[in-house]
Amino acid sequence: MTRVMNFSAGPAALPQAVLERARDELLDFRGSGMSVMEMSHRGKPFMAVAEKAEQDLRTLMDIPDNYTVLFLQGGATGQFAAIPMNLANGRGMDYIDTGAWSGKAIKEAQKYGPVNIVASSQASGYDSIPDRASWNLDPNAAYVHYTPNETIGGVEFPEIPDVGDVPLVADMSSTILSRPIDVSKFGVIYAGAQKNIGPAGLTVVIVRNDLLERDKGNVPAVLDWALQAKNDSMYNTPPTFGWYLAGLVFEWLLEQGGLESMGKTNQRKAAKLYQYIDNSAFYRNPVEPTARSWMNVPFILADDSLDGTFLNEADAAGLSSLKGHRSVGGMRASIYNAVPESSVDALIDFMADFENRHA
Ligand code: PMP
């Protein structure tokens, strides 16, 4: 068996130890005589999995008691609609536009009420975070939405923005669990699982309890946070296998020393890759240095006619999924928690060798 070094943006690499554990207990889950996929979500064995996963996530992220954690279906895209439906009920909503994913969140929210684009980095090709002094926040907005890490552009907010008393809603799909964060600064945090949490099909929503009480109109049951909270995320069948696998990832993260330790490793991984790119005339990263993502590192070859050769040779060297998003071209290395530092070192060595042979 050969496993490649996987730089996919998502669905993305999972820790090998997690996959091995899932394999070992696949056919007979902890003495039940069936796989975790084949059992009722309401039975004891699955309830234990579900509760442990939530507890471990609470420990990892230090989630305060006045927040509810939901394990839902529908992806981050489902939440693009759930957010205005649960929080706004026709009121104005503030959105910060920093790239492709905030753009999609905005487009969805516009179906449900007036959206105020507080700030946008569109004019500079989404290469930075708009200067805080220029933001046009509405103190009466239902909430402020932002995308802490733009997976496609590789643009990340260096800190949590201060938006006063208006609840802050964050699409953390591609940055959750990459380092410690202060959950108490947020009204809602949500993330599709398929980067740092587990397999696609699971969506994690962390919501401050007072926001469950907001007046809302008719919200589809599967997207109704208060209803799902009352039913422990089991109003309908939850994505049981994803929930289980996420639990294994949370255990693995705790064994690695938690988010403090992951954060240090992630910062070091990203710093060495950006440093190599910046010191080379052959590769370039277009993002302003203060807004560079720790998780998604796009890079462009000075001569784009070499793109195909780069990708073929990378594949042959066991470095997989480095093609940039179709909307921007070039390359992108996604270096989530499950991508070890040794894979980043191997990528840099490969890039240096390729540069030597082709520059
Ligand atoms: N937001 C961000 C930041 C993402 O990276 C993605 C997926 N790549 C999405 C939203 C959409 O997530 P999903 O496909 O789970 O709906």
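Definitions and limits used
Residues numbered from 1 in each chain as written. Predicted model: local features only at pLDDT ≥ 70, side-chain atom pairs only at ≥ 80, totals over all residues. UniProt positions renumbered as here; feature names shortened; annotations may be inferred. Helix = DSSP H or I, 4+ residues; strand = E, 2+ residues; numbered from the N terminus. Buried ≥ 20, exposed ≤ 12 C-beta atoms within 10 Å, placed from the backbone. Core = buried A, V, L, I, M, F, W, Y, C linked by C-beta atoms within 7 Å. Domains from an automatic or database assignment. Contact = placed C-beta atoms within 7 Å. Near = placed C-beta within 6 Å. Nonpolar A, V, L, I, M, F, W, Y, C, P; charged D, E, K, R; others polar.

Named according to an unreviewed UniProt entry, the protein chain is Phosphoserine aminotransferase originating from Thioalkalivibrio versutus. Entered under Sequence similarities (unreviewed entry) in the UniProt record, the comment concerning the protein chain runs "Belongs to the class-V pyridoxal-phosphate-dependent aminotransferase family. SerC subfamily." Turning to the protein chain, the UniProt annotation filed under Subunit (unreviewed entry) states: "Homodimer."

Excluding glycine, residues mostly carry a negative phi; peptide bonds, for their part, are mostly trans. At the junction of G10 and P11, the peptide bond is cis and its omega measures out at -10° in the coordinates. Assignment of secondary structure puts P11 in the loop between β1 (5–6) and α1 (16–24). Phi at D232 takes a positive value of approximately 50°, unusual for a residue other than glycine. We note that S233 has phi near 65°; this positive angle belongs to a residue other than glycine. Within the element layout of this structure, S233 appears in the loop between α5 (225–230) and α6 (240–255). Exposure remark for S233: the 23 C-beta atoms within 10 Å place this residue in the buried category.

Generally speaking, a soluble globular protein has its nonpolar side chains buried in company with each other. V188, I197, V204, V205, A246, V249 and I335 are the most contacted members of the largest nonpolar core, which totals 98 residues. A per-element tally of this core places α6 first, with eight residues. A domain split of this core shows at least three residues from each of domain 1 (16–255) and domain 2 (258–358). In contact with A246, other than residues within four places in its own chain, are A53, A193, I197, G198 and L202.

Looking at the ligand, the residues that line it are G10, G75, A76, T77, W101, T147, T151, D171, S173, S174 and G192. At three residues, helix α3 (residues 75–87) tops the list of elements feeding residues into the shell around the ligand. Of the residues in the shell around the ligand, the class split is two nonpolar, eight polar and one charged.

According to the domain assignment, the protein chain consists of domain 1 (16–255) and domain 2 (258–358). A separation of 27 Å is found between the C-alpha centroids of domain 1 and domain 2. Taken together, the contacts link 23 residues of domain 1 with 24 residues of domain 2. Among the elements of the structure, α2 (44–61), β7 (155–156) and α6 are those that each provide at least two residues to the side of domain 1 that touches domain 2. In terms of residue class, the side of domain 1 that touches domain 2 is made up of eleven nonpolar, eight polar and four charged.

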